[in-house]
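# Notes for the structure review
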Amino acid sequence: MPNLIVDQLKTTTPGAIFSASSFFGLAPRNTIDQTLLRLTKSGQIRKISTGLFCIPKAHPILGSLNPSLDDSVQAYGHKFGYQIQVHPLKAANLLGLSQQVPAKSIYLTDGPNRSLVLGGQDVILKHVCPRKLLGIGTKAGLIVQALYSFGARGINQPLINKLKVLIDKNDCQKLQNWLNLMPGWMQKVVTALIENV
């Protein structure tokens, strides 16, 4: 039975994150847990957090690498059924609109507030209402988060001009679909943003 687990891991892309549930149906839960423990001790897989593992990526200079923190956080959210979105300051930074980044690794979630360690890094999950999680994993979603980071008083025409360069018709359609879920001030900004794109 454990060989089935090892065989499946051999087809797993280095850096991919998985949990015991990834092997349900291949062996009894106890066997899965024991196999993952043995593979962790031998260094073939790495434990990222309770119940989350990865096959480390090999780097020619840096050696064995963990997955990115973003990937680890998303895997954690998937495991517990939480949606997770990047922090507004990080979204603005990723889009090249700001040099600021959060001092701590903070993510927004519809799950509970939580502090945890993933891959040796401290992470804070901050509970927000679902409306603040629009467009997870999309550029349009990053734009919404970036607008939150600037706030109603921080929006100006130069910022809108920068955003206009970044968006395409697909982003515009998504933003249009989400308009009624945005606060009033953001609706006005987005309407101006998607005009004539």
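An account of the accompanying structure is given in this report.

Conventions and cut-offs
- Residues numbered from 1 in each chain as written.
- Predicted model: local features only at pLDDT ≥ 70, side-chain atom pairs only at ≥ 80, totals over all residues.
- Heavy atoms only, no water.
- Buried < 20%, exposed > 50% of the residue type's maximum accessible area, 1.4 Å probe, protein only.
- Helix = DSSP H or I, 4+ residues; strand = E, 2+ residues; numbered from the N terminus.
- Arc of directions from axis to C-beta.
- Contact = heavy atoms within 4.5 Å.
- Pairing = 2+ DSSP bridges.
- Axes fitted to C-alpha atoms, helices over the stretch in contact; angles between N-to-C directions.
- 1 Å grid on protein atoms, 1.4 Å probe; cavity = no way out; pocket = protein on both sides within 12 Å on 5 of 7 lines; lining within 4 Å.
- Points joined across faces, edges and corners; volume = space filled by probe spheres on them.
- Nonpolar A, V, L, I, M, F, W, Y, C, P; charged D, E, K, R; others polar.
- Core = buried A, V, L, I, M, F, W, Y, C linked by side-chain atoms within 4.5 Å.

## Quick look at helix α8 (residues 184-194)
Along α8, the positions that sit buried rather than exposed are Met186, Val189, Val190, Leu193 and Ile194. Across the axial projection of α8, the buried residues extend over an arc of 120 degrees, all falling on one side. Here the buried face of α8 lies against α5 (139-154), α6 (157-166) and α7 (169-178). Directly after α8, the chain includes Asn196, whose backbone phi takes a positive value near 60 degrees.

## What about the pairing of strand β8 (residues 114-118)?
Strand direction decides the pairing type here: β8 and strand β9 (residues 121-127), joined by five bridges, are antiparallel. Counterpart to Ser115 in the pairing with β9 is Ile124.

## Describing the sheet that holds strand β3 (residues 52-54)
The sheet built from three strands is open, its strands ordered β1-β3-β2 with antiparallel pairing. Two strands in the sheet have a free side with no partner beyond their single neighbour: β1 (17-18) and β2 (46-49). Note: β2 against β3, three bridges, orientation antiparallel. The residue bridging Arg46 from the neighbouring strand is Cys54, located in β3. Contacts from helix α3 (residues 69-80) reach β1, β2 and β3, with the element oriented near 140 degrees to β3.

## What to know about the sheet that holds β8
A sheet is described by the order of its strands in space; here four strands give the open sequence β6-β7-β9-β8, paired in mixed fashion. Strands at the two margins of the open sheet, each flanked by one partner only, are β6 (84-86) and β8. Taking each pair of neighbouring strands and ignoring which way they run, the sheet shows an average axis angle of 35 degrees. For strand β7 (residues 106-109) and β9, the ladder comprises four bridges, and the chain directions are parallel. Following the sheet pairing, Tyr107 is matched in β9 by Leu125. Strands in contact with α3 are β6, β7, β8 and β9; relative to β8, the strand with the most contacts, it is inclined by about 125 degrees.

## Section: the layout of surface pockets
Gaps between atoms show up when a probe of the same size as a water molecule is rolled over them. Counted as a void, the largest pocket has a volume near 340 Å³. Elements represented by at least two residues in the lining of the largest pocket include exactly β1, α2 (29-41), β3 and α3. For the lining of the largest pocket, the element with the most residues is α2, which contributes five residues. Partitioning the lining of the largest pocket into residue classes produces nine nonpolar, seven polar and four charged.

## Observations regarding the nonpolar core
One finds Leu147, Leu175, Met182 and Val190 to be the most contacted residues of the largest nonpolar core, which totals 27 residues. For this core, the elements supplying multiple residues, two or more each, are α4 (88-94), α5, α6, α7 and α8. Broken down by element, this core gets its largest block of residues, six residues, from α5. In this view, Leu147 contacts Ile155, Leu163, Trp185, Met186, Val189 and Val190; residues no more than four positions away in its chain are not counted.

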